[in-house]
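Examination of the molecular architecture
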Amino acid sequence: MSQVLFPLSDEHRMIQDTARDFASRAIAPIAAQFDESGEFPHDTVKKMGEMGFMGVEVPEQYGGAGMDTLAYVLALEEISRADASHGVIMSVNNSLYCHGIQKFGTEAQKERFLRPVASGQSIGAYALTEPMSGSDAGTMRSRAVREGDSYRLNGRKSWVTSGPVAEYVLTFMATNPDLKQKGVSAFLIDTKNAPGFSRGKKEPKLGIRASCTSELLFEDCRIPADQRLGNEGEGFKIAMTVLDAGRIGISSQALGIAEAAYQASVLYAREREAFGQKIGQFQGIGFRIADMKTRIEAARLLTYNAAMAKERSKSAGGRYTLEASMAKLFASETAMFCAHAAIQIHGGMGYSRELPVERYFRDAKITEIYEGTSEIQRVVISRSELGVI
Ligand SMILES: Cc1cc2nc3c(=O)[nH]c(=O)nc-3n(C[C@H](O)[C@H](O)[C@H](O)COP(=O)(O)OP(=O)(O)OC[C@H]3O[C@@H](n4cnc5c(N)ncnc54)[C@H](O)[C@@H]3O)c2cc1C
């Protein structure tokens, strides 16, 4: 742990210990079963809400735990170490849903849309991606048309994490398609009170199988105009600002997966014997362990650094896009590197479904894809460094 650069306060240690204890007692033992069945883990997610993990940075007055970004990252890392599915459910709820309303919502919107989700009573989702627009989200086809005091929404959102179970959704639609990104607006959906809203089929997935993902459909769905988040035309900026926070969450999730793969590998390398010695004594295995450990520490520094940058932005303003992108890029590639190495170190047993190592491998892959692929992170970072050339 990088104590020198990031000395943890008593409060930080407390949330880290609490999350680690809960994750190892309540989540780790059921992770394989829920991965296999693909069921949503309602009971443990509810308990996470009761413990304050579903709205870590949301002020207590709106139902959250009122802690800082480093506390959020520490807790999410521990939850993800036990199970990346629980990790992404927590990350989307906190970073992509709650953060957007906390930052851009009116008082009335915070009361109605933030409180139930931050307190863990309901689940929130973020719906930006569409079948024809993922990385290039600004080319979305969904439309919102203002009609008096309401908006009529039409469109199809795809790959929505927690889509099948979310009671509240933050979504984005074009209100003025001619203006492209500047013509996008953000809307808050209360799915119980949104005639014309429905959920599509659940996606069958390679990994994070206990986190459910689906399409969300809007067919002449009418919502009151006061459910628009921010001004008309501000939606794309809101979507991207929220993704900065989301990428810190995914860095933490990736860090948790990498650590789990690393710890399993160290234990195995100490115990397994071949050619009359522990496999950890072979230099080839030892060097893999060294590379895993070094990359994890570097990923941790980048993730904590991004968390501190977000924390500073709360008082000083400004964005932390570069820090979040670098952390997400490096941590997700570290998760993939470590999960790949872990399977190799375990040999045949790494390929067996009897051990969690193959699950870490399947779960790690998504961190290089969602909330901006690794290619998109490299676009963001290189543009920031090179400017427009
Ligand atoms: C399990 C899962 C959960 C998800 N959860 C959510 C969610 O909750 N909410 C939500 O809105 N979305 C969600 N997504 C969508 C996710 O964010 C997108 O899949 C992702 O952004 C990539 O978009 P795409 O799939 O359309 O790929 P594309 O954009 O079609 O990309 C295909 C390939 O082209 C590359 N590429 C694209 N543009 C460039 C470029 N400019 N330079 C270099 N390479 C490029 C990409 O990196 C990728 O390798 C989820 C996806 C998955 C799989």
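Above: the structure in question.
An account of the accompanying structure is given in this report.

Rules and cut-offs
- Residues numbered from 1 in each chain as written.
- Predicted model: local features only at pLDDT ≥ 70, side-chain atom pairs only at ≥ 80, totals over all residues.
- Heavy atoms only, no water.
- 1 Å grid on protein atoms, 1.4 Å probe; cavity = no way out; pocket = protein on both sides within 12 Å on 5 of 7 lines; lining within 4 Å.
- Points joined across faces, edges and corners; volume = space filled by probe spheres on them.
- Helix = DSSP H or I, 4+ residues; strand = E, 2+ residues; numbered from the N terminus.
- Nonpolar A, V, L, I, M, F, W, Y, C, P; charged D, E, K, R; others polar.
- Phe/Tyr/Trp six-rings, centres within 6.5 Å; stacked < 30°, edge-to-face > 60°.
- Lys NZ or Arg CZ within 6 Å of the ring centre and 35° of its normal.
- Buried < 20%, exposed > 50% of the residue type's maximum accessible area, 1.4 Å probe, protein only.
- Pairing = 2+ DSSP bridges.
- Expected span 1.5 Å × (residues − 1).
- Disulfide = S-S within 2.5 Å.
- Core = buried A, V, L, I, M, F, W, Y, C linked by side-chain atoms within 4.5 Å.
- Contact = heavy atoms within 4.5 Å.
- Near = heavy atom within 4 Å.
- Polar contact = N/O pair within 3.5 Å; in protein donor to acceptor, adjacent residues only side chain to side chain.
- Areas by Shrake-Rupley, 256 points an atom, 1.4 Å probe, with all protein chains shown as cover.
- Salt bridge = Lys/Arg side-chain N within 4 Å of Asp/Glu carboxyl O.
- Bend = angle between axes of the 7 residues up to and from the residue.

Some words on the layout of surface pockets
In this structure, the largest pocket spans a volume of roughly 1,100 Å³. Secondary-structure elements contributing two or more residues to the lining of the largest pocket are α4 (84-104), β1 (124-127), β3 (150-161), α6 (235-271), α9 (357-366) and α10 (374-386). Tallied by class, the residues present in the lining of the largest pocket amount to 19 nonpolar, 13 polar and 9 charged. Each pocket or cavity is described by its volume, and for the second largest pocket that value is around 270 Å³. Lining the second largest pocket are 17 residues; nearest its centre among them are Ala28, Arg81, Ala260, Pro356 and Tyr360. Contributing elements (two or more residues each) for the lining of the second largest pocket: α1 (10-37), α3 (69-82), α6 and α9. Of the residues contributing to the lining of the second largest pocket, the split by class is 11 nonpolar, 2 polar and 4 charged.

As for the packing of aromatic side chains
Evaluation of the coordinates by the stated rule reveals 5 aromatic pairs. Lys103 extends its terminal NZ or CZ atom over the ring of Phe104, reaching a point 6.0 Å from the ring centre. Cation over ring: Arg295 sits above Phe337, and NZ or CZ is 3.7 Å from the ring centre.

Quick look at the pairing of strand β5 (residues 184-190)
Successive side chains on a regular strand alternate, one facing one side of the sheet and the next facing the other. Counting buried positions over the 7 residues of β5 gives 7, a clear majority of the element. Burial of β5 is two-sided: the residues Val184, Ala186, Leu188 and Asp190 facing one way and the residues Ser185, Phe187 and Ile189 facing the other way are all buried. With 7 bridges joining them, strand β4 (residues 168-174) and β5 adopt antiparallel strand pairing. Paired with Ala174 across the bridge in β5 is Val184. Sheet analysis places β5 next to strand β8 (residues 228-229), joined by 2 bridges and oriented antiparallel. Looking across to β8, one finds that Ala186 is bridged to Leu229.

Comments concerning helix α8 (residues 321-346)
Taking 1.5 Å per residue as the helical rise, α8 with its 26 residues ought to reach 38 Å, and the 37 Å between its terminal C-alpha atoms agrees with that figure. One or two steps after α8, the chain reaches Gly347, where phi turns positive at roughly 55 degrees.

Quick notes on the state of the cysteines
Applying the stated rule across the entire model yields 0 disulfides. Just so you know, Cys221 is unpaired, no disulfide at all, and the nearest cysteine sulfur is the one on Cys212, 20 Å from it. Overall, Cys221 belongs to the buried group, its relative accessible area being 0%.

Things to note about the nonpolar core
Judged by nonpolar contacts, the single largest core of 76 residues is most densely connected at Tyr97, Tyr126, Leu128, Leu170, Phe172 and Met292. Per-element accounting of this core gives the leading share, 19 residues, to α6. Leaving out residues up to four positions away in the same chain, Leu170 has contacts with Leu96, Tyr97, Ala125, Tyr126, Ala127, Ala186, Phe187, Leu188 and Leu229. Among the nonpolar cores identified, the runner-up in size contains 41 residues, and Met67, Met90, Cys212 and Leu216 belong to it.

Remarks on the site of the ligand
Around the ligand there are 19 residues in total, and Thr129, Ser135, Trp159, Thr373 and Glu375 lie nearest to it. Within the backbone of Leu128, an N or O atom sits 2.9 Å from an oxygen atom of the ligand. Contact between the ligand and Thr161: a nitrogen atom at 2.8 Å from a side-chain N or O atom of the residue. Protein chains shield 64% of the accessible area of the ligand, which is 960 Å² for the free molecule.

Topic: the pairing of β3
Where strand β2 (residues 143-147) meets β3, 5 bridges bridge the pair, whose relative direction is antiparallel. Bridging across to β3, Ala144 finds its partner in Leu153. Once β2 ends, the chain turns through 2 residues before running back antiparallel as β3, passing Gly148 with a positive phi of about 65 degrees. Pairing of β3 with strand β7 (residues 213-224) involves 9 bridges; the strand directions are antiparallel. The partner of Tyr151 across the bridge, within β7, is Ile223.

Digging into the pattern of salt bridges
Scanning all chains against the criterion turns up 34 salt bridges. Between Asp35 and Arg209 there is a salt bridge; the shortest N-O distance is 3.9 Å. Here the residue Asp35 occupies a position in helix α1, and Arg209 occupies one in the loop between β6 (197-202) and β7, the gap between them amounting to 174 residues. Since its relative accessible area comes to 24%, Arg209 is described here as partly exposed. The partner of Lys293 in a salt bridge is Glu297, and the shortest N-O contact between them spans 3.7 Å. Within this pair, Lys293 and its partner Glu297 are both found in helix α7 (residues 283-316), separated by 4 residues, close to a single helical turn.

Details of the environment of Met173
Relative to the helices and strands, Met173 is located in strand β4. Other than its neighbours up to four places away in sequence, Met173 contacts Met140, Ser142, Arg143, Ala144, Leu153, Asn154, Gly183, Val184, Ser185, Phe187 and Phe218.

Quick notes on α4
Under the 1.5 Å per step criterion, the end-to-end length of α4 is 28 Å for 21 residues, consistent within 8% with the ideal 30 Å. Along α4, the sharpest change in direction is near 35 degrees and occurs at Cys98. Of all the 21 residues making up α4, 19 are buried; the element is thus mostly covered by neighbouring parts of the structure.

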